[in-house]
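# What the coordinates show
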Amino acid sequence: MTVIAVRYTYDDRAAERDVVRPEHRAWLASLAEAGTLLGSGPLPQADPPGALLVFRAQDVAQVRALLDQDPFARAGLVRDAEVLAWDLVLGPWSTTV
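### As for the side chain of Arg17
Residue position: Arg17 is located in helix α1 (residues 14-33). The buried charged residue Arg17 lacks any salt bridge partner; its closest oppositely charged side chain belongs to Asp11, at an N-O distance of 4.1 Å. At a separation of 2.9 Å, a polar atom in the side chain of Arg17 contacts the main-chain carbonyl oxygen of Asp11. Excluding its chain neighbours within four sequence positions, the residues that come into contact with Arg17 are Tyr10, Asp11, Asp12, Pro49, Phe72 and Leu77.

### A short note on the nonpolar core
Ranked by internal contacts, the top residues of the largest apolar core, which has 20 residues, are Val6, Tyr8, Leu53, Phe55, Val63 and Leu67. Secondary structure elements with two or more residues in this core: β1 (2-10), α1, β3 (50-57), α2 (60-67) and β4 (78-86). With sequence-adjacent residues up to four places away left out, Val6 is seen in contact with Ala51, Leu52, Leu53, Phe55, Val63, Leu67, Ala81, Glu82 and Val83.

### Examining the environment of Glu23
Structurally, the position occupied by Glu23 is in helix α1. The partly exposed category is assigned to Glu23, whose relative accessible area is 43%. Setting aside residues up to four positions removed in sequence, Glu23 forms contacts with Pro71 and Arg74.

### Looking at α2
Buried within α2 we find Val63, Leu66 and Leu67. Seen from one end, α2 has its buried residues packed into an arc of 100°, which puts them on one side. N-cap assignment for α2: the residue whose side-chain oxygen lies 3.3 Å from the backbone N of Ala61 is Asp59.

### Some thoughts on the confidence of the model for the chain
When pLDDT is averaged along the chain, the result is 94; 98% of the residues meet or exceed 70. By mean pLDDT, the top-scoring element of the chain is helix α3 (residues 71-74) (98), and the lowest-scoring one is β4 (95).

Conventions adopted
Residues numbered from 1 in each chain as written. Predicted model: local features only at pLDDT ≥ 70, side-chain atom pairs only at ≥ 80, totals over all residues. Heavy atoms only, no water. Helix = DSSP H or I, 4+ residues; strand = E, 2+ residues; numbered from the N terminus. Buried < 20%, exposed > 50% of the residue type's maximum accessible area, 1.4 Å probe, protein only. Lys, Arg positive; Asp, Glu negative; His and termini not counted. Salt bridge = Lys/Arg side-chain N within 4 Å of Asp/Glu carboxyl O. Polar contact = N/O pair within 3.5 Å; in protein donor to acceptor, adjacent residues only side chain to side chain. Contact = heavy atoms within 4.5 Å. Core = buried A, V, L, I, M, F, W, Y, C linked by side-chain atoms within 4.5 Å. Arc of directions from axis to C-beta. pLDDT = per-residue confidence, 0-100.

Structure follows, in structure tokens:
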């Protein structure tokens, strides 16, 4: 399994994000319960606004497929999703000894 970091950049429709946020967070919670999502949250100082999500998955393609299911993405609220494999060597999410 690979650790994948995703940086979301949202569009300018904050009010629409507020409406969709409960469904988005429920979707994230289901991925966390399954062990696929390691962590996520908004980047409060980001301009434009965005979030960071960290996944454990087979590869970047698997994460991209998951992101297509995100209610924010389905509503067109994600302007960009930078998806990067992360060679994590230290910390609780690391698989390296």
